[in-house]
Amino acid sequence: MADKKATLHIEGKAPIELPIIEGSEGQDVIDVRKLGASGFFTFDPGFLATASCESQITYIDGDKGILLHRGFPIDQLANNADYLEVCYVLLYGEVPTRAEYEQFRTTVTRHTMVHEQIASFFHGFRRDAHPMAIMCGVVGALSAFYHDSLDINNDLHREITAFRLLSKMPTLAAMCHKYTTGQPFIYPRNDLDYAENFLHMMFATPCEEYEVSPIVSRAMDKIFTLHADHEQNASTSTVRLAGSSGANPFACIAAGIASLWGPAHGGANEACLKMLEEIGCVENIPEFIERAKDKDDPFHLMGFGHRVYKNYDPRATVMREACHEVLDELKIDNPLLDVAMELERIALSDEYFVSKKLYPNVDFYSGIILKAIGIPVSMFTVIFAMSRVIGWIAHWNEMHSDPTNRIGRPRQLYTGYSQREFKPLHERE
Ligand code: SDX
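Report on the accompanying structure. Just so we're clear, the structure is a prediction, and the values are computed from it rather than from any experiment.

Points about unusual backbone geometry
Link 1 in the chain: Phi at Phe-47 is positive, roughly 55°, even though this residue is not glycine.
Link 2 in the chain: Note that Phe-47 resides in the loop between strand 3 (29-30) and strand 4 (58-61).
Link 3 in the chain: Accessibility expressed as a relative area gives 56% for Phe-47, which makes it exposed.
Link 4 in the chain: For Glu-231, which is not glycine, the phi torsion reads 65° and is therefore positive.

See the structure below:
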């Protein structure tokens, strides 16, 4: 329990004592839950200095460029575990035994098919619909298919829901791609691992065997891991807030997908690649750097900057290595990588970016790898959503496992009209 206190001295008011609660890592927090009784709210649009919850899943130190999942550093996980093992760690908090890991893998593998009627939802979309628009729709529609396990206060129901979402997201994601290309949906295969199965469903056709490249599937699996969870980011906070009302878990995940879609968040990987394509060549970079600095120009360098990381995003370090591995192995001479590397070099030496600590983030390199693998740009954020679903589920589950959990209901600073009389129209004429 907290024994340190903060004392608030407000003119004309008695001092207000607020408990300080210590974390195991990072900043301690001032518990302001009782501040309302003293006639004040805190004011923090964008939550720059506000902890919305207590969590034990992920810890980020933005100044030191540290990212831990249940205490394990992200580079150790990315280089020594596959995505499903990382999912186990995020969900259960500890590393699995071999038997536990095999059981987890088998359960995920055996739930990858979706209800055949789900396929008909796709046919309501135009073929040129953005895959994220389709994902918002079909993931939300899962709410209508699983009435047998929706008691959010039942641990087993929450675990079944976790497996269903983790298992079916790759299938639904690949179906989005197949639908927009006009190719038939490809069923999952139980003899392939998670990343191989996704690539198989994305690129196989009924006409011929599709050989999954081990280099590509390893890079894909690493991308899944590097996007798995990231503390209380915008989409995870959306899932928590939606879930706090007791909403259906599939609807909560659909809300997370919608929030992730924004270019300031998960949509940045797609926006980053479009930016690199717009820059086109190294000679054009200075013009875009100047635009990024121009306060009157809304242009931001996509893939740079982060609310928390004021140091290099540790995921970008791992992603950069994977990026070069894939391009070297696949012998892809991607001119966009030349632009990306030169942009990174300039941005890391330019006073504006250095002073504002705008380093490349996870989205900067993921877009180049996905393009090299042959994933369409419009699918980049879908892959981010697939990867992040385990983080959303882990946080949703952690929230519902907390008996003190209550509905999220922020207050506001009101600056509108004070009370005034309303005159009916005939009196106003
Ligand atoms: C993700 O929260 C998470 O954890 C997210 C994420 C996850 O895993 O869930 O890590 C994934 O969303 C990564 C971020 C992807 N977004 C982008 O790459 C889009 C480009 N980046 C920015 O739009 C911006 O950096 C944000 C949105 C990421 C962060 O915005 P903040 O924290 O609100 O910072 P800010 O916009 O207030 O920027 C601070 C200053 C501003 O200048 P001043 O007003 O102080 O003069 O830096 C400038 C900004 O103008 N700035 C940029 C910039 N990012 C910030 N200037 C040019 N290019 C940029 N990319």
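A word on the site of the ligand
Link 1 in the chain: Taken together, 24 residues sit near the ligand, with His-230, His-306, Arg-307, Arg-315 and Arg-388 positioned nearest.
Link 2 in the chain: Note that an oxygen atom of the ligand is positioned 2.8 Å from one of the side-chain N or O atoms of Arg-388.
Link 3 in the chain: Calculation on the ligand without its partners gives an accessible area of 1,000 Å², and the protein chains cover 76% of this total.
Link 4 in the chain: Of the residues contributing to the shell around the ligand, the split by class is 10 nonpolar, 8 polar and 6 charged.

Some remarks on empty space enclosed by the protein
Remark: the empty space left among the atoms is shown by a probe the size of a water molecule rolled over them.
Link 1 in the chain: Under the definition given, this model contains 2 cavities of 30 Å³ or more.
Link 2 in the chain: Put simply, the largest cavity is a space of about 40 Å³.
Link 3 in the chain: Considering the residues around the largest cavity, the lining is formed by Gly-305, His-306, Tyr-309, Asn-311, Asp-313, Lys-357, Leu-358, Tyr-359, Pro-360 and Asn-361.
Link 4 in the chain: When grouped by side-chain class, the residues that make up the lining of the largest cavity number 4 nonpolar, 4 polar and 2 charged.
Link 5 in the chain: Here the second largest cavity defines a volume of roughly 30 Å³.
Link 6 in the chain: In terms of lining, the second largest cavity is formed by Thr-161, Leu-165, Pro-249, Cys-252, Ile-253, Ile-393 and Trp-396.
Link 7 in the chain: Among the elements of the structure, helix 6 (155-181), helix 10 (249-260) and helix 17 (380-400) are those that each provide at least two residues to the lining of the second largest cavity.
Link 8 in the chain: By residue number, the principal contributor to the lining of the second largest cavity is helix 10, which donates 3 residues.
Link 9 in the chain: Grouping the amino acids of the lining of the second largest cavity by side-chain chemistry returns 6 nonpolar, 1 polar and no charged.

Quick notes on helix 7 (residues 194-203)
Link 1 in the chain: Within helix 7, 8 of the 10 residues are buried, leaving the element largely enclosed by the surrounding structure.
Link 2 in the chain: Within helix 7 the residues assigned to the buried category are Tyr-194, Ala-195, Asn-197, Phe-198, Leu-199, His-200, Met-201 and Met-202.
Link 3 in the chain: Capping the start of helix 7 is the job of one residue whose side-chain oxygen sits 3.1 Å from the backbone nitrogen of Ala-195: Asp-193.

Overview of the sheet that holds strand 1 (residues 4-8)
Link 1 in the chain: Taken in spatial order, the 3 strands line up as 1-2-3 in an open sheet, and their pairing is antiparallel. Because the sheet does not close on itself, it has two edges, and the strands there are strand 1 and strand 3.
Link 2 in the chain: As judged from the 5 bridges shared by strand 1 and strand 2 (residues 16-21), these two strands associate in the antiparallel manner. What sits directly across from Leu-8, in strand 2, is Ile-16.

The rules we used
- Residues numbered from 1 in each chain as written.
- Predicted model: local features only at pLDDT ≥ 70, side-chain atom pairs only at ≥ 80, totals over all residues.
- Heavy atoms only, no water.
- Helix = DSSP H or I, 4+ residues; strand = E, 2+ residues; numbered from the N terminus.
- Buried < 20%, exposed > 50% of the residue type's maximum accessible area, 1.4 Å probe, protein only.
- Near = heavy atom within 4 Å.
- Polar contact = N/O pair within 3.5 Å; in protein donor to acceptor, adjacent residues only side chain to side chain.
- Areas by Shrake-Rupley, 256 points an atom, 1.4 Å probe, with all protein chains shown as cover.
- Nonpolar A, V, L, I, M, F, W, Y, C, P; charged D, E, K, R; others polar.
- 1 Å grid on protein atoms, 1.4 Å probe; cavity = no way out; pocket = protein on both sides within 12 Å on 5 of 7 lines; lining within 4 Å.
- Points joined across faces, edges and corners; volume = space filled by probe spheres on them.
- Pairing = 2+ DSSP bridges.

Nothing here speaks to function; it is all geometry.
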